[in-house]
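Analysis of the macromolecular model
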Amino acid sequence: MKKILIIQNKFIGDVLASSVIANNLKKIYPNSEIHFFCYKQALDVLKGNPNIDRVISFDDVELKKFKVLKQYASLIRKENYDILIDPYAKLQSRYITWRSGAKQRVSYNKPIFRHLYTDLINQADTTQMGYCKALEDRLKLLKPFCEDLTQLDFSFKLFLSEEEKEEGKQLMQDAGLDLSRPSFMLGILGSSPVKSWSLERMAQLIEFIQEYYDVNILFNYIPKQQESVDLILKNLKSKDKIYPHLIGKSVREYLKIMSNCDAYIGNEGGGINMAKALDKKTFSIYSPHKFPEIWGCMENKVEHSSVHLRQLRPDLYIKPDLKLYEEKAATYYDLLTEDFVIEKLSEFLSQNFPQFQSQQIVPSQHQNISALVITKNEEENILAYLSEVDKFADEIIVVDSFSTDRTVELAKRNSKVKVYQRKFDNFSSQRNFALEKAQYDWITFYDADERLPQALIAEILHTVRTEKEISSFYNYRKFYVQNNRLKYSGWQNDKAIRLFRKSCCRYKDEFLVHEILECDKKPGKLKTKLDHYSYKSFDNYKEKLFFYSQLRAQELYEKRVKPNFFHFYIKPGFRFFHHYVLRFGFLDGLVGFKMSKLLADYVHKRYVYLDELWENQ
């Protein structure tokens, strides 16, 4: 039997997120004994969890005293743990790790303290598996114990007994709530001013719900925020169906009440995550310096939706100064208008509580987007691709050429995805087939191996929302060779049309490879470059290029082109000279030489294949 300790200092949201480590470890090692080290304030979110056998709690103020920290370290050493997992990865947990004596010690690969751990896990800058980064980072710590992380359960859970739920129901009835109506818990305040939307606008949001929905309204806040709550109440025209004083005497009592609510609406934070863990619908208002891809766990734009300043002002997030946005949170919160938030909230409520909506309240200004991709054995790329386009797309069309790996299986995990399987004939017809399946006018057509920075996603959303004249847009690309960027060799100005209107554009049928999109107007240009990870090795890229050369040969054959000495020798030689000399490939070193030679070979092979077609006619 393995004895395991998980260390997670900080507060409720962090502890709840780290509890997924325990939930999955219990499945990996059913007979293990799992202990959890956390603040006393977070005890209530771990209570009743059948996957945690013991909680070692501490006072966060006391633990800052070295004498107390040393005592806890000694206590933990006596437990003789086999495995210690440290998602907190700060000075206190590192000291405990050092003293623990655990045989296997797992944490993130950070400077200075690497020697304290037996297993180090790299954190990615963005999500890679289609979940929020907070959960992905934590479950990556299970890599030493589980080869396939996609098989893990990424949802966090709270465990309340039926008796506790009944106690919450009774508390609500005693407070005078009519439980025949839905009950909404409102997170009217964040944990600090920099995580709280303005009180005046929150009051307008409450009045919107009051006016158009027949529901009970409860507030989530802590007693020291009472003054701010009173200001909100003062700004309301009516306090009808509002029960501001039913907040629970403890976190556990609050959870009992929340378990009987139907939705949580308000400032993003621990309250949102607890509601999700209770399987309640949520609508989150993010602070300007925080992002859904980090903490927006389980968001799907239906049961769990959110609003962020980036959606309204993407121009601010092309090169965001997040430190400034946090320091001047009130200024940037002011840019997140009540009209915009209420429009998004109206969409959320219409989808989830249509029976309580009296009329269509706010006309939607949203421009729907169809994200299209063609695939063949893309299991290594498809989850990362979906996690990025899911942030802006209203539907995702995958046209698959009968992959033999897990591409289709992984794609179908996303509720927005529609998969069509079609035998590959050429790129143009494959892409036009995808276009026919798209139901929206605005299209993105990125390849599965292209990664979209957050600034590019913001620019796409801003473009489709505001653009009236231009119907297509080039996207410049950064080209990567085995994760190293190729800066020269002809890739300096590499670009492709990736955003366009379906009604104005179509791929030319006569081009079988390097397909050309024909549009009614001159394309515009997106400012933000995408990252193109075209191949994993030179052999992989060589294989891809030779496949392209076969298609190009077929294209030339249909045009009745016959190869000669010029095609076999002059054109490949010039292609090498063009990339290596004229386009400064020599500045990319040996990689630039190899790439230039590969591209020359690609041209030569094209005409070899073309010659074979003529011989076999």
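Up top is the structure.
All figures in this text were calculated on a predicted structure; none of them were measured in a lab. (Residues numbered from 1 in each chain as written. Predicted model: local features only at pLDDT ≥ 70, side-chain atom pairs only at ≥ 80, totals over all residues. Heavy atoms only, no water.)

Comments concerning the overall build of the protein chain
- Of regular secondary structure, the protein chain possesses 22 helices and 24 strands.
- For 617 residues, the compact-globule estimate of 2.2 N^0.38 gives 25 Å, and the C-alpha radius of gyration of the protein chain, at 28 Å, lies within 12% of that figure.
- The C-alpha extent of the protein chain, read off along each of the three principal axes, is 90 × 65 × 40 Å.
- Going through the 617 residues of the protein chain one by one, you find that 55% of them count as buried.
- The long-range share in the protein chain, meaning contacts at least 24 apart out of those at least 6 apart in sequence, stands at 67%.
- Summed over its atoms, the accessible surface of the protein chain is roughly 28,200 Å², and 49% of this surface lies on carbon and sulfur atoms.
- Positive and negative charge centroids in the protein chain, built from 93 and 82 side chains respectively, lie 5 Å apart. (Helix = DSSP H or I, 4+ residues; strand = E, 2+ residues; numbered from the N terminus. Rg over C-alpha atoms; globule rule 2.2 N^0.38 Å. Buried < 20%, exposed > 50% of the residue type's maximum accessible area, 1.4 Å probe, protein only. Contact = heavy atoms within 4.5 Å. Areas by Shrake-Rupley, 256 points an atom, 1.4 Å probe, with all protein chains shown as cover. Lys, Arg positive; Asp, Glu negative; His and termini not counted. Charge placed at Lys NZ, Arg CZ, Asp CG, Glu CD.)

Here's the deal with the sheet that holds strand β8 (residues 216-219)
- With parallel pairing, the six strands of this open sheet are ordered in space as β9-β8-β7-β10-β11-β12. Single-partner strands in this sheet number two, and they are β9 (242-243) and β12 (304-307). (Pairing = 2+ DSSP bridges.)

Thoughts on helix α1 (residues 12-28)
- Taking 1.5 Å as the rise per residue, α1 with 17 residues should run 24 Å; its terminal C-alpha atoms sit 25 Å apart, in good agreement.
- Most of α1 is tucked away: 15 of the 17 residues are buried. (Expected span 1.5 Å × (residues − 1).)

Considering the packing of α1 against helix α5 (residues 133-140)
- Put simply, α1 and α5 touch, their axes get as near as 9 Å, and they point 40° apart. Classified by the angle their axes make, α1 and α5 are oblique. The two elements α1 and α5 cross, and the hand of that crossing is right-handed. Contacts from D14, A17, S18, V20, I21 and N24 in α1 reach L135, R138 and L139 in α5.
- Here the contact of α1 with α5 is built from residues that sort into five nonpolar, two polar and two charged. (Axes fitted to C-alpha atoms, helices over the stretch in contact; angles between N-to-C directions. Parallel < 35°, antiparallel > 145°, perpendicular 65-115°, else oblique. Left-handed = near helix turned anticlockwise from the far one by under 90°. Nonpolar A, V, L, I, M, F, W, Y, C, P; charged D, E, K, R; others polar.)

Side note on a nonpolar patch on the surface
- Taken together, the side chains of F565, F566, Y569 and I570 define a hydrophobic patch exposed on the protein surface, amounting to about 460 Å² of accessible area.
- Mapping I570 onto the fold places it in helix α21 (residues 565-582).
- Residue class for I570 comes out partly exposed when judged on its relative accessible area of 42%. (Patch = residues over 30% accessible without salt bridge, like charges linked within 9 Å, V, L, I, M, F, W, Y side chains within 5 Å. Salt bridge = Lys/Arg side-chain N within 4 Å of Asp/Glu carboxyl O.)

Thoughts on empty space enclosed by the protein
- Counted under the stated rule, the structure contains one cavity of 30 Å³ or more.
- Taken together, K195, E268, I285, S287, K290 and Y333 form the lining of the largest cavity.
- In the lining of the largest cavity, the residues fall into two nonpolar, one polar and three charged. (1 Å grid on protein atoms, 1.4 Å probe; cavity = no way out; pocket = protein on both sides within 12 Å on 5 of 7 lines; lining within 4 Å. Points joined across faces, edges and corners; volume = space filled by probe spheres on them.)

A closer look at the nonpolar core
- In this structure, L25, I85 and L158 are the most contacted members of the largest nonpolar core, which totals 58 residues.
- At eight residues, the largest contribution of residues to this core is made by α1.
- Non-local contacts of L158, meaning those with residues more than four positions away in its chain, are made with L16, V45, L255, M274, A277 and L278.
- Counting 45 residues, the second largest nonpolar core, distinct from the first, contains I232, L309, Y317 and F348. (Core = buried A, V, L, I, M, F, W, Y, C linked by side-chain atoms within 4.5 Å.)

A closer look at helix α18 (residues 427-437)
- Among the 11 residues in α18, nine count as buried, and that is most of the element.
- By the burial criterion, the buried members of α18 are F427, S428, S429, Q430, R431, N432, F433, A434 and L435.
- Its side-chain oxygen at 3.1 Å from the backbone nitrogen of S428, N426 defines the N-terminal cap of α18. (Polar contact = N/O pair within 3.5 Å; in protein donor to acceptor, adjacent residues only side chain to side chain.)

Considerations on the state of the cysteines
- Inspection of every chain in the model, using the stated rule, returns one disulfide.
- A sulfur-sulfur distance of 2.4 Å marks the disulfide that ties C505 to C519. Between C505 and C519 the disulfide shows an S-S torsion of about 115°. By sign, it is right-handed. Of this pair, C505 sits in strand β21 (residues 505-507) while C519 sits in strand β22 (residues 517-519), and the two are 14 residues apart along the sequence.
- Take C505: its relative accessible area is 7%, and that puts it in the buried class. (Disulfide = S-S within 2.5 Å.)

A short note on the packing of helix α6 (residues 162-174) against helix α9 (residues 251-258)
- At their nearest, the axes of α6 and α9 sit 7 Å apart, and the two run at 80° to each other. Taken as axis vectors, α6 and α9 run roughly perpendicular relative to one another. Where α6 approaches α9, its residues E164, K165, E167, G168, L171 and M172 are matched on the opposing element by R252, E253, K256 and I257.
- For the contact of α6 with α9, the residue count by class is three nonpolar, one polar and six charged.

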